[in-house]
Amino acid sequence: MSNSPGDELQFGDYLDLFRRRWRWVVFTTAGVVAVVALFTFTRDELYSAEAQVLVLTEQSAPSFGLSAEAEGQLVRNSVTELAYLTSSSFEEKAAEATGDPDNDVSYRMVPTGGSEDPTVVVFTARASDPQTAFDWATIHAGTYRTEQTVRIARNIQTQLEQATEKLTRLESERAETTAPLAELESELAQATDPTDVARLT
């Protein structure tokens, strides 16, 4: 089936259609523009602020634990750190510090080099006020840093207690070992005492 030349729409047909329906075109366009303008001018502005914390490997490793494979090595455990950052414990501490439980803050870790190099923890806060966004990001970074310091101190205290217990145990073992030795030395001294030997002869 072929189309005849009379079935094709010419420019004049479109112009005639527009003349008959121009009100719909104008009202629809004006309506869309009005809705977009209303949304643009009534929505709240959203500001973003970032706070960065440089975390050294030797600070991170003892603070947030090591995997079994990395025991005894200075290796970051980023999974454990991120698990803490997204935990309810950290959220509660940060919410208490900011005074707003609905603060909008996200976290990400940016390596500065290899796996054993320092890592930057970036806190990104979003709020309708720039000062609020800045405060939220700063407070979250400070809360994380405080928790890390507490964990480092706790780890040092634990190591100190373990070292003290080990020293006490070693001193006790030394005392148990030297006591029989002292008795043997006393017996040896008596056996070789020239006075006692002369008395026996």
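Residues numbered from 1 in each chain as written. Predicted model: local features only at pLDDT ≥ 70, side-chain atom pairs only at ≥ 80, totals over all residues. Heavy atoms only, no water.

### Considerations on the overall build of the protein
Here's step 1: A tally of helices and strands in the protein yields six helices and three strands.
Here's step 2: Shown N-terminal to C-terminal, the secondary structure of the protein runs as helices and strands in the order α-β-α-α-α-β-β-α-α.
Here's step 3: Within the protein, buried positions represent 21% of all 201 residues.
Here's step 4: As displayed, the protein has an accessible area near 14600 Å², and 58% of this comes from carbon and sulfur atoms. (Helix = DSSP H or I, 4+ residues; strand = E, 2+ residues; numbered from the N terminus. Buried < 20%, exposed > 50% of the residue type's maximum accessible area, 1.4 Å probe, protein only. Areas by Shrake-Rupley, 256 points an atom, 1.4 Å probe, with all protein chains shown as cover.)

### Observations regarding the nonpolar core
Here's step 1: Counting residues in hydrophobic clusters, the biggest one holds 19 residues, and the most contacted among them are L85, F90, V121, F123 and Y144.
Here's step 2: Looking at this core, the elements that each hand over two or more residues are β1 (47-55), α3 (78-85), β2 (104-111), β3 (119-127) and α5 (130-191).
Here's step 3: Ranked by residue count, the leading element in this core is α5, at five residues. (Core = buried A, V, L, I, M, F, W, Y, C linked by side-chain atoms within 4.5 Å.)

### Focus on helix α4 (residues 88-98)
Here's step 1: Where α4 is concerned, the buried positions are F90, A94, A95 and T98. Taken end-on, α4 shows its buried residues confined to a sector of 130°, consistent with a single buried face. Along α4, the residues that are exposed and aim more than 90 degrees away from the buried face are S88, E92 and E96.
Here's step 2: Where α4 ends, the next residue or the one after it, G99, has phi of about 80°, a positive value. (Arc of directions from axis to C-beta.)

### Let's talk about α5
Here's step 1: Along its 62 residues, α5 runs 91 Å from first to last C-alpha, staying within 8% of the 92 Å computed at 1.5 Å per residue.
Here's step 2: Of all the positions in α5, only A133, W136, A137, H140, A141, T143, Y144, E147, Q148 and R151 are classed as buried.
Here's step 3: Between the side-chain oxygen of the N-cap and the backbone nitrogen of Q131 there are 3.2 Å, and the N-cap of α5 in question is D129. (Expected span 1.5 Å × (residues − 1). Polar contact = N/O pair within 3.5 Å; in protein donor to acceptor, adjacent residues only side chain to side chain.)

### Here's the deal with the confidence of the model for the protein
Here's step 1: Chain-level statistics for the protein give a pLDDT mean of 75 and a share of 75% at 70 or above.
Here's step 2: Counting contacts from residues 66-74, a segment whose pLDDT is below 50, to residues more than four positions away or on other chains yields 12 contacts. (pLDDT = per-residue confidence, 0-100. Contact = heavy atoms within 4.5 Å.)

### Let's talk about the environment of A97
Here's step 1: Following the sequence through the fold, A97 ends up in helix α4.
Here's step 2: The exposure class of A97 is partly exposed, given its relative accessible area of 44%.
Here's step 3: Separated by 43 residues in the primary sequence, A97 and H140 have C-alpha atoms spaced 8.2 Å apart.
Here's step 4: Dropping the residues within four chain positions of it, A97 is found in contact with I139 and T143.

### A closer look at the pattern of salt bridges
Here's step 1: Scanning all chains against the criterion turns up three salt bridges.
Here's step 2: A salt bridge links R108 to E50; the shortest N-O distance between them is 3.5 Å. With R108 in strand β2 and E50 in strand β1, this residue pair connects regions lying 58 residues apart in the sequence.
Here's step 3: Residue E50 is classed as partly exposed on the basis of its relative accessible area of 42%.
Here's step 4: Among the salt bridges present, the one from R126 reaches D104, with a minimum N-O distance of 3.3 Å. Pair noted here: R126 is in strand β3 and D104 is in strand β2, with a separation of 22 residues, a long-range link. (Salt bridge = Lys/Arg side-chain N within 4 Å of Asp/Glu carboxyl O.)

### Considering the packing of aromatic side chains
Here's step 1: Taken as a whole and judged by the stated rule, the model has one aromatic pair.
Here's step 2: Measuring from centroid to centroid gives 5.9 Å for F123 and Y144, while their planes differ by 55°, and the two rings are tilted. Taken together, the residues F123 in strand β3 and Y144 in helix α5 connect sequence positions 21 residues apart.
Here's step 3: In this structure Y144 comes out as buried when scored by relative accessible area, which is 0%. (Phe/Tyr/Trp six-rings, centres within 6.5 Å; stacked < 30°, edge-to-face > 60°.)

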